Amino acid sequence: MTDDSDSPMTDTENTTTGPLAPEDITADSAFTLPGFFDALSEGRLLAARCTECDTHMLPPRPACYGCGSRAVTLSEQPRTGEVISYTSVNRPPSAFEHLAPITVAVVELDSSARLTGRVAAPLDDVSIGDRVELRVRDPETVDIDPDFDLSYEEEWPIHVFELM
Amino acid sequence: MSTAHLIAVGSSPLGKTDLPGRDLFSKALAEAFEDLPDPADVVDALYVGAQSERYENQIMQGTLMAEWAGLRNVPAERVEACAAAGALALKNAVRDVRAGVHDAVLACGVEKMTAGGTEGATNALGAAFERALEQRSGITAPATYALLARRYLHETDATERDLGRIAVKNHGNAAANPRAMFQQAVDIETVMDAPEVAPPLKLYDCAPVTDGAAAIVVANDEVAADLQGRPDTIRVAGVGSAANNLAVAERDLTFVEGANVAASTAYEDAGVGAADIDVAEVHDAFTVCEALLAEAAEFAPKGRGIETVEVPGDRSAGWTDVQINTSGGLKARGHPIGATGLLQAVEAYEQLTGRAGERQVADADTALLINEGGVADAHTVATVLTAQ
Ligand SMILES: [Zn+2]
């Protein structure tokens, strides 16, 4: 890649697809975790979308697990979706113990992308099929032991779902 | 291609023990080689399944186990796929023997899970989940399997009580297994009244934290024939494995597709079908897994895996006559992560050689093992074994 303005994999407006070139894979690109979480901090939830089979993948990655294609592009995701399954973590890992019990769910966004996250509601208030909206929290406002973070994770936001 | 035979098996006591990992391995090795020459005179290489170095702050398990077996300057490798590590060690040993790379290989597994208490085990097992989105949401092993269970109960007619009956069945089987961690039956009311761990899963839906080790000698035709005193070896007829996605959110929650691929591959390799399997050890880390794996192995129609608890005559149409988890399964035999896949093979060895005592299944001559790692389906190894 010699012309940054032409970079296909870091610009959601650009629909050029194909295998990522080595020089596309930098911490500025949402195809890497630092780039994905930087965008999330700024309010953009970016998935990889397979242009062959339309699988949406969070976080973005360089190849599609649905069909094997590397013809992936970035796609900004809707924040809303529905609960596919849910439970409560009654005895969480030690770094999360202040949050117990933690309601967690697998959510399918309206784009079809699926991800796991905490739900900001008691277990009894949640059902399969409930509509939820993804919110992004500054890590300092979530009561997780800072020692849990790896050095490169310290600034990464934490996502949580709210019932709609 | 040579045939791979399991010519000797051993296991350590299972449960919370006073022995560190290497000493648990010594116990398993001593049993496996009770009637055999020194390991150095039998095997040419070693694979060891070990989930985590967090328990004992020790990697290099391949070198350590080889040393404890008296093997020096031979290939000796640790393999890792969370709870599928044990079957992965067996698979690699079988591959080497079949390919003629080695005449005989020691497959073993070890885990000292109680070293850091429940918190240590929770944190060590947590490393098996996808880091960026799932670990950072505070999930645990029971919670991820509860996500499967909740959806299974939603999509099928199964109830929490049906899941509980799987635990009751497996405790009943373990009561007849001298190797088992919990050699006592439990009743359904005890199971249903137990504390919730991650709803709908309660305490008895969950396999225990277990210390333990297992060791199995895998050998080619010549070595198997040469060794006296072990006429009742069993044959590895087929092997399959598959990795599905790491994030549980990105998988079908009620169809463990990777396990279906692994089992189908193993059946094809062995030239058998699901209906040919007499006994199966499937990975019931949580009760719902036994139901899901009965379906993935094509023993049961979709949504009816919970009938694993019924005697064959009482099962729905479309079910085979297989007997599942005669050992007591992970739930009651115990689940020392890296050793579990090999403990499944120990049960198959005992069933196929007529050594299973009170829990012997009559005329058992073909077995399937399914060992999984990383929230059900992230990695699966399936193995078909036959009596000689
Ligand atoms: Zn695709």
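These numbers were taken from a predicted model, which means no experiment stands behind them.

Re the overall build of chain B
Looking only at helices and strands, chain B features 13 helices and 12 strands. Rg of the C-alpha trace for chain B: 19 Å, near the compact-globule value of 21 Å for 388 residues, within the 12% margin. On the principal axes, the C-alpha backbone points of chain B span a range of 55 × 45 × 35 Å. Burial statistics for chain B: of 388 residues in total, 65% are counted as buried. Residue pairs in contact within chain B that sit at least 24 positions apart in sequence constitute 76% of those at least 6 positions apart. Split by element, the accessible area of chain B, about 12900 Å² in all, is 47% carbon and sulfur.

Let's talk about the UniProt feature "domain: Thiolase N-terminal" (unreviewed entry) in chain B
Using the residue numbers shown here, the UniProt feature "domain: Thiolase N-terminal" (unreviewed entry) corresponds to residues 14–220 of chain B. Between the first and last C-alpha atoms of residues 14–220 of chain B the distance is 30 Å; the span itself is 41% helix and 15% strand.

Some thoughts on the domain arrangement of chain A
When the parts of a complex come together, some accessible area is lost, and that lost area is often taken as the interface size. Residue and element names in this part refer to chain A. Looking at chain A, the domain boundaries give domain 1 (16–76) and domain 2 (80–163). A C-alpha centroid distance of 22 Å is found between domain 1 and domain 2. Interface area, domain 1 with domain 2, both sides summed: about 850 Å², of which 78% is carbon and sulfur. Linking domain 1 with domain 2 are zero salt bridges. Summed over the shared surface of domain 1 and domain 2, the result is zero residue pairs in polar contact (both at pLDDT 80 or more). For the side of domain 1 that touches domain 2, the element with the most residues is helix 1 (residues 33–41), which contributes five residues. Split by residue class, the side of domain 1 that touches domain 2 holds six nonpolar, two polar and one charged.

With respect to the pattern of salt bridges
Pairs can form between side chains of opposite charge whenever their charged atoms are close. Counted under the stated rule, the structure contains 24 salt bridges over all chains. Close ionic contact of A:Glu162 with A:Arg135 constitutes a salt bridge, the shortest N to O distance being 3.0 Å. Of the two residues, A:Glu162 is situated in strand 8 (residues 158–163) and A:Arg135 in strand 7 (residues 131–137); the sequence distance between them amounts to 27 residues. Of the residues examined, A:Arg135 reaches a relative accessible area of 34% and is grouped as partly exposed. For the salt bridge of B:Glu53 with B:Arg78, the shortest nitrogen-to-oxygen distance reads 3.1 Å. Taken as a pair, B:Glu53 in the loop between strand 2 (45–49) and helix 3 (61–68) and B:Arg78 in strand 3 (residues 76–79) lie far apart in primary sequence, 25 residues in all. Take B:Glu53: its relative accessible area is 33%, and that puts it in the partly exposed class. With relative accessibility at 26%, the residue B:Arg78 sits in the partly exposed group. Shared partners join several salt bridges into a network, and the residues in it are B:Glu31, B:Arg179, B:Glu347, B:Glu350 and B:Arg359.

A few points about the coordination of the zinc ion
All names here are of chain A. Around the zinc ion, the protein contributes the donor atoms Cys50 (SG), Cys53 (SG), Cys64 (SG) and Cys67 (SG), at 2.3 to 2.4 Å from the metal centre. Seen from the zinc ion, its four donor atoms lie at angles of 101 to 116 degrees, and the figure they make is tetrahedral. All donors to the zinc ion come from one chain, and their sequence spacing reads C-x2-C-x10-C-x2-C. Here Cys53 is found in the loop between strand 1 (46–50) and strand 2 (56–57), whereas its partner Cys64 is found in the loop between strand 2 and strand 3 (72–76), with 11 residues between them in sequence. The class for Cys64 is buried, based on a relative accessible area of 4%.

Overview of helix 6 (residues 141–155) of chain B
Helix length check: helix 6 of chain B (15 residues) gives 22 Å between terminal C-alpha atoms against 21 Å at 1.5 Å per residue, within 8%. Within helix 6 of chain B, 13 of the 15 residues are buried, which leaves the element mostly enclosed by the surrounding structure.

So, the sheet that holds strand 8 of chain A
The sheet built from five strands closes into a barrel, its strands ordered 4-5-6-8-7 (chain A) with mixed pairing. Strand-to-strand twist across the sheet, computed as the mean angle between neighbouring axes with direction ignored, equals 50 degrees. Across three bridges, strand 4 (residues 80–89) of chain A lies against strand 7 of chain A in antiparallel orientation. Within strand 7 of chain A, the residue paired with A:Glu82 across the bridge is A:Arg131. Helix-sheet contacts for helix 6 of chain B involve strand 4 and strand 5 (102–109) of chain A, and the interaxial angle to strand 4 of chain A is about 120 degrees.

What counts as what
Residues numbered from 1 in each chain as written. Chains lettered and ligands numbered in written order. Predicted model: local features only at pLDDT ≥ 70, side-chain atom pairs only at ≥ 80, totals over all residues. Heavy atoms only, no water. Helix = DSSP H or I, 4+ residues; strand = E, 2+ residues; numbered from the N terminus. Rg over C-alpha atoms; globule rule 2.2 N^0.38 Å. Buried < 20%, exposed > 50% of the residue type's maximum accessible area, 1.4 Å probe, protein only. Contact = heavy atoms within 4.5 Å. Areas by Shrake-Rupley, 256 points an atom, 1.4 Å probe, with all protein chains shown as cover. UniProt positions renumbered as here; feature names shortened; annotations may be inferred. Domains from an automatic or database assignment. Buried area = accessible area lost by both parts, 1.4 Å probe. Salt bridge = Lys/Arg side-chain N within 4 Å of Asp/Glu carboxyl O. Polar contact = N/O pair within 3.5 Å; in protein donor to acceptor, adjacent residues only side chain to side chain. Nonpolar A, V, L, I, M, F, W, Y, C, P; charged D, E, K, R; others polar. Donors = N, O, S within 2.8 Å, 3.2 Å for Na, K, Ca; no water. Tetrahedral: all angles 85-135°; square planar, octahedral: opposite > 155°, others 65-115°. Expected span 1.5 Å × (residues − 1). Pairing = 2+ DSSP bridges. Axes fitted to C-alpha atoms, helices over the stretch in contact; angles between N-to-C directions.

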